[in-house]
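# Fold and contact review
Each chain is listed here by its residues.
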Amino acid sequence: MMRLLCTLLLTGFLAVPLPARAQQMCADGGAVGAPAAEVPGKPGEFRRAEGGVACLGGKPGLRSCQAIGPVGIGMDREAVIGRAGEPWEVRPLGKGDIAFHLIGTEEKPLGYYVVTYLQDVVVGVQATLASPAVDELPVGLSSVRPGQVAQRALDVFGAPKKVCIGGGSDGEVWEYAPFPLSIDMQYGRVFSIKIFDPEADLFGKTAAAG
């Protein structure tokens, strides 16, 4: 099971933006729909706002809202292990590495975290369903959890800036650029959520620029 999940991760949706995405096609995100309800927010959560998304309360900037469940941008490796458990595998990626943490149990895997580190500090977090058969993860970003219907993401974050297909995803990737937030949609549901530090130089400035 763990090896299968790793294979799916490395051929699909990673927790940081790669320098280039092969054969990816994108279109304006407004066509996916519009918010249908107001979802009350609290400090430390993102909510849709004019021009994109906004981080409610907390410290200036986005950092205080950049957490999926107990794992957030800027945490150190030991803090993540204390909250998400030991990773089942760690692999190099660019100038850092990625760690895979199970959500659920080996007998009943619900999903997994992919945590990206640069110098032992978290610069990317992704939470993904183990399979479409899983109902919903117990963790999410700003009241949006993998497994929930796409409308939930629209109500909380608004329409994405663009929607892309290809590039390793089996569904649609909703990108909220310039905000460091992406959502992988499959079968009309949130399949994976990704946040990242846009200032992290994981691949080197030359690679990122290319």
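About the criteria used
- Residues numbered from 1 in each chain as written.
- Predicted model: local features only at pLDDT ≥ 70, side-chain atom pairs only at ≥ 80, totals over all residues.
- Heavy atoms only, no water.
- Buried < 20%, exposed > 50% of the residue type's maximum accessible area, 1.4 Å probe, protein only.
- Helix = DSSP H or I, 4+ residues; strand = E, 2+ residues; numbered from the N terminus.
- Pairing = 2+ DSSP bridges.
- Salt bridge = Lys/Arg side-chain N within 4 Å of Asp/Glu carboxyl O.
- Disulfide = S-S within 2.5 Å.
- Contact = heavy atoms within 4.5 Å.
- Arc of directions from axis to C-beta.
- Polar contact = N/O pair within 3.5 Å; in protein donor to acceptor, adjacent residues only side chain to side chain.

Here we come to the pairing of strand β12 (residues 181–186). Most of β12 is tucked away, with six of its six residues classed as buried. Because side chains alternate across β12, one face comprises the buried residues L181, I183 and M185, and the other comprises S182, D184 and Q186, equally buried. With six bridges connecting them, β12 and strand β13 (residues 189–196) associate as antiparallel partners. Directly across from M185, in β13, lies its bridge partner V190. Taken together, β12 and the strand that follows it, β13, pair antiparallel across an intervening segment of two residues, in which Y187 is found at a positive phi of about 60 degrees.

On to the pattern of salt bridges, then. Tallying each qualifying case throughout the model produces nine salt bridges. Here R48 ties to E38 by a salt bridge, and the two come within 3.1 Å at their closest N and O atoms. Taken together, the residues R48 in strand β2 (residues 46–49) and E38 in the loop between β1 (25–28) and β2 connect sequence positions 10 residues apart. By relative accessible area, R48 is classed as partly exposed at 28%.

Take the state of the cysteines next. By the definition in use, this model includes two disulfides. C26 shares a disulfide with C164; S-S distance 2.0 Å. Its torsion about the S-S bond being 105 degrees, the disulfide of C26 and C164 is classed as right-handed. A residue pair is termed long-range when its members are at least 10 positions apart, and C26 in strand β1 and C164 in strand β10 (residues 162–166) qualify at 138 residues. C26 gets classed as partly exposed once you look at its relative accessible area, which sits at 40%. Here C55 pairs with C65 through a disulfide, and the sulfurs are 2.0 Å apart. Around the S-S axis, the bridge from C55 to C65 shows a dihedral of about 90 degrees and counts as right-handed. Separated by 10 residues along the polypeptide, C55 in strand β3 (residues 52–55) and C65 in the loop between β3 and β4 (67–68) bring together distant segments of the chain. Taking the relative accessible area as the measure of exposure, C55 reaches 17% and is therefore buried. For the protein, numbering the cysteines in disulfides from first to last along the sequence yields the connectivity 1-4, 2-3.

Moving on: the environment of L110. Counting through the fold element by element, L110 comes out in strand β8 (residues 109–118). Distance in space between the C-alpha atoms of L110 and P132 is 10.0 Å, their sequence separation being 22 residues. Those residues within four positions of L110 in sequence are excluded, and the remaining contacts are I103, G104, T128, L129, A130, V134, L137 and P138.

Next up on the list: helix α2 (residues 77–84). When we look at burial in α2, the residues that qualify are R77, V80, I81 and A84. The buried residues of α2 all sit within an arc of 100 degrees when viewed along its axis, so they share a single face. The outward face of α2, more than 90 degrees from its buried face, is lined by the exposed residues E78, G82 and R83. Check the buried side of α2 and you find it contacts β5 (71–72), β6 (89–93), β7 (96–104), β8 and β9 (121–129). Between the side-chain oxygen at the start of α2 and the backbone nitrogen of E78 there is a gap of 3.2 Å, and the oxygen is on D76. Two residues or fewer past α2, G85 is found with a positive phi of approximately 85 degrees.

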